[in-house]
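This is what each chain is made of:
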Amino acid sequence: MVMTNRIFLLFSLFLTVLLLLVMNFTAPDTLGPLGVLAFFIVLYLVFFGVFVWVVDVFFRIRGKRGRKIVKFYAGVLAFAPVIFLLLKPFVGFSIWAVFLVVCFEFLGCFLVYKAADK
């Protein structure tokens, strides 16, 4: 379990470097719609790798090692930065937007928690 989490973290580091290269050498208007979609997918994968590590450390501190549910929690949590980045041009960071994203994350984590009990 720990080895796959390290692989996710290294893959996330590689994607971060790739994302920084793309951001430095291209502009969003030259990237096109598929490039913007690829940007958001890579951004999600970067945060997924980071959150796999964070959730795994959290579970280790709580004494629950070897749980496969870590990746499900990381998948839900990694979507929040992407949602915040997508909300920025439309409504900005208003209190209601942040509240809705937090509610979405809470609901997603609650569903993962309930699915883990079965």
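Just so it is clear, the model here is predicted, and its values are computed rather than measured.

Draft legend 1. Looking closely at the pattern of salt bridges. By the definition in use, this model includes one salt bridge. Between Asp-56 and Arg-60 there is a salt bridge; the shortest N-O distance is 3.4 Å. Taken together, the residues span about one helical turn, with Asp-56 and Arg-60 both in helix α2 (residues 28–62) at a distance of four residues. The exposure class of Asp-56 is buried, given its relative accessible area of 8%.

Draft legend 2. How the structure looks around the environment of Trp-53. In this fold, Trp-53 is placed in helix α2. Given a relative accessible area of 44%, Trp-53 falls into the partly exposed group. Between the C-alpha atom of Trp-53 and that of Phe-8, which follows or precedes it by 45 residues, the distance is 8.0 Å.

Draft legend 3. Seen up close, the packing of aromatic side chains. One pass over the structure, following the stated rule, counts nine aromatic pairs. Relative to Phe-48, the ring of Tyr-44 has its centre 6.4 Å away and its plane inclined at 25°; by these criteria the two rings are stacked. Of the two residues, Tyr-44 and Phe-48 both sit in helix α2, four residues apart, roughly one turn of that helix. Through pairs of rings, three or more aromatic residues link up here, namely Tyr-44, Phe-48, Phe-79 and Phe-104.

Draft legend 4. Spotlight on helix α5 (residues 95–117). In this model, α5 (23 residues) spans 33 Å end to end at C-alpha, consistent with the 33 Å of a helix rising 1.5 Å per residue. Among the structural elements, α3 (70–77) and α4 (79–87) are those in contact with the buried residues of α5.

Draft legend 5. Examining the environment of Phe-40 more closely. Here Phe-40 shows up in helix α2. In sequence terms Phe-40 and Phe-104 are 64 residues apart; their C-alpha atoms lie 19 Å from each other. In contact with Phe-40, other than residues within four places in its own chain, are Val-82, Leu-85 and Leu-86.

About the criteria used
Residues numbered from 1 in each chain as written. Predicted model: local features only at pLDDT ≥ 70, side-chain atom pairs only at ≥ 80, totals over all residues. Heavy atoms only, no water. Salt bridge = Lys/Arg side-chain N within 4 Å of Asp/Glu carboxyl O. Helix = DSSP H or I, 4+ residues; strand = E, 2+ residues; numbered from the N terminus. Buried < 20%, exposed > 50% of the residue type's maximum accessible area, 1.4 Å probe, protein only. Phe/Tyr/Trp six-rings, centres within 6.5 Å; stacked < 30°, edge-to-face > 60°. Expected span 1.5 Å × (residues − 1). Contact = heavy atoms within 4.5 Å.

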